[in-house]
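# Fold and contact review
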Amino acid sequence: MRPRLVLFGDSITEQSFASGGWGAALTDRFARQADVVLRGLSGYNTRWALKVLPRAMEGAAGAGADPAAVTVFFGANDATLPDQVQAHQHVPLQEYQSNLRAISAYFKERWPSTAIILITPPPIYEPARIRDVYGEDDPSRQPERSNEAAGAYAQACIAVATELNHPVIDIWTKMQEFPDWQTSALSDGLHFTPAGNKILFDEVVKTLESIGFSQERLPSDLPLFHEIHPKDPMKAFGA
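Throughout what follows, the structure given in this document is the object of discussion. (Residues numbered from 1 in each chain as written. Predicted model: local features only at pLDDT ≥ 70, side-chain atom pairs only at ≥ 80, totals over all residues. Heavy atoms only, no water.)

### Here we look at the packing of helix H2 (residues 22–29) against helix H9 (residues 194–210)
Keep this limit in mind: Only the stretch in contact is used when a helix axis is fitted, and all axes are lines through C-alpha atoms; the angle between N-to-C directions ranges over 0 to 180 degrees. Helix and strand definitions here come from DSSP, where helices need a minimum of 4 consecutive H or I residues and strands a minimum of 2 consecutive E residues; each element is numbered from the N-terminal end. Roughly parallel means an angle under 35 degrees; roughly antiparallel, over 145; roughly perpendicular, 65 to 115; everything else is oblique. Definitions for this section: a left-handed crossing has its near helix turned counterclockwise from the far helix by less than a right angle. A right-handed crossing has that turn clockwise. Pairs of residues are marked as contacts when any of their non-hydrogen atoms sit within 4.5 Å. Following the grouping adopted for this structure description, the nonpolar residues are Ala, Val, Leu, Ile, Met, Phe, Trp, Tyr, Cys and Pro, the charged ones are Asp, Glu, Lys and Arg, and the polar ones are all others, Gly among them.
Between H2 and H9, the least distance of the axes is 9 Å, while the angle of their chain directions is 45 degrees. Judged by the angle between their axes, H2 and H9 are oblique. Note that H2 runs across H9; the crossing there is right-handed. Across from Trp 22, Ala 25, Leu 26 and Arg 29 in H2, the residues of H9 making contact are Asn 197, Leu 200, Phe 201, Val 204, Val 205, Leu 208 and Glu 209. Across the contact of H2 with H9, the residue classes tally to 8 nonpolar, 1 polar and 2 charged.

Take a look at the structure:
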């Protein structure tokens, strides 16, 4: 049975199978070697994700072994500013950390052999958020998210990953290493362009390789075409 990768997160995960998405790229990279299972919940924070976690994971592992890895990518909505228009999505920092611990504990209990990879919230470009929320460039408006708050939640995520000894991808820091990341990597100050998706895809592949899950190590499912003998094709399929 093919191993599975489960992607669990908010809209950046839900949209990851769109054209140029990081989830679609993982599916392409591990085609015929692993199945990538999408469990993205647009707009969700860790409080809501924890509430629906058992329901969200129904069927995610299939009927076989534990998934090889699960990515947990929340925080962009938790970090929404509590005094702005999307305040209902906000989750206080300490609760965010507690929720990440609880989500990790759920996976560790349900799938003991599964690697849990935490991903920090991404950086935020405030002017684009004002345009996206209010439909115009208005300097009198305040964005509903800030890069400073996202950075604080990123550090909190890293602290939980370190505490639990889970791999972590600091996409907040990594993305800001790229020139013009505000517009080259982000489409609306929050969600990813194809370039932003590529940044995360590369980091996920690198992290998977660090736990021994790589294209080079995984066998292909079923005989490859060149392994099928032209005079006796059925032999390759065994009994």
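From this point, things continue past the structure.
### A closer look at unusual backbone geometry
Both trends apply: most residues other than glycine have a negative phi, and most peptide bonds are in trans. Spelled out, the test is: Burial classification: accessible surface area is computed with a 1.4 Å probe over protein chains only, and a residue below 20% of its type maximum counts as buried, one above 50% as exposed, and the rest as partly exposed.
At Arg 32, a residue that is not glycine, the phi angle is positive and equals roughly 70 degrees. Along the chain, the position of Arg 32 falls in the loop between H2 and strand S2 (35–40). By relative accessible area, which is 34% here, Arg 32 ends up partly exposed. Of note, the phi angle at Asn 165 is positive, near 60 degrees, even though the residue is not glycine. Within the secondary structure layout, Asn 165 lies in the loop between helix H6 (147–164) and strand S5 (168–169). Taking relative accessible area as the criterion, Asn 165 reaches 66% and is therefore assigned exposed.

### Section: the sheet that holds S2
Rules: Criterion used throughout: strands pair if DSSP finds at least two bridges between them.
In space, the 5 strands of this open sheet follow the order S2-S1-S3-S4-S5, with parallel pairing throughout. Because the sheet does not close on itself, it has two edges, and the strands there are S2 and S5. Two strands pair when backbone bridges link them, and strand S4 (residues 115–119) and S5 are joined in this way by 2 bridges, in the parallel orientation. What sits directly across from Leu 118, in S5, is Val 168.

### Describing the side chain of Gln 89
Counting through the fold element by element, Gln 89 comes out in the loop between strand S3 (69–73) and helix H4 (93–110). Of the residues examined, Gln 89 reaches a relative accessible area of 8% and is grouped as buried. If we ignore the near neighbours within four places in the chain, the residues touching Gln 89 are Gly 43, Asn 45, Trp 48, Asn 77, Asp 78, Thr 80 and Arg 145.

### Overview of the pattern of salt bridges
Which entries qualify depends on this criterion: A pair is scored as a salt bridge if a Lys or Arg side-chain nitrogen falls within 4 Å of a carboxyl oxygen belonging to Asp or Glu.
Applying the stated criterion to the full structure yields 15 salt bridges. Among the salt bridges present, the one from Arg 47 reaches Glu 95, with a minimum N-O distance of 2.7 Å. With Arg 47 in helix H3 (residues 46–56) and Glu 95 in helix H4, the pair connects residues that are 48 residues apart, well separated along the chain. According to the relative accessible area criterion, Arg 47 is partly exposed, its value standing at 34%. Where Arg 101 meets Glu 163, a salt bridge forms, and the shortest distance between an N and an O atom there is 2.9 Å.

### Overview of the pairing of S4
Two faces make up the sheet, and in a regular strand the side chains alternate between them. Put simply, the test is: A clockwise course of the path from the first strand over the helix to the second, judged with the strands pointing away from the viewer, identifies a crossover as right-handed.
With 5 of its 5 residues buried, S4 lies for the most part within the structure. Alternating positions in S4 separate into two faces, Ala 115, Ile 117 and Ile 119 on one and Ile 116 and Leu 118 on the other, with burial throughout. Note that S3 and S4 share 4 bridges and pair parallel. Its bridge partner being in S4, Val 70 is matched across the sheet by Ile 116. Handedness of the crossover joining S3 and S4 through H4: right-handed.

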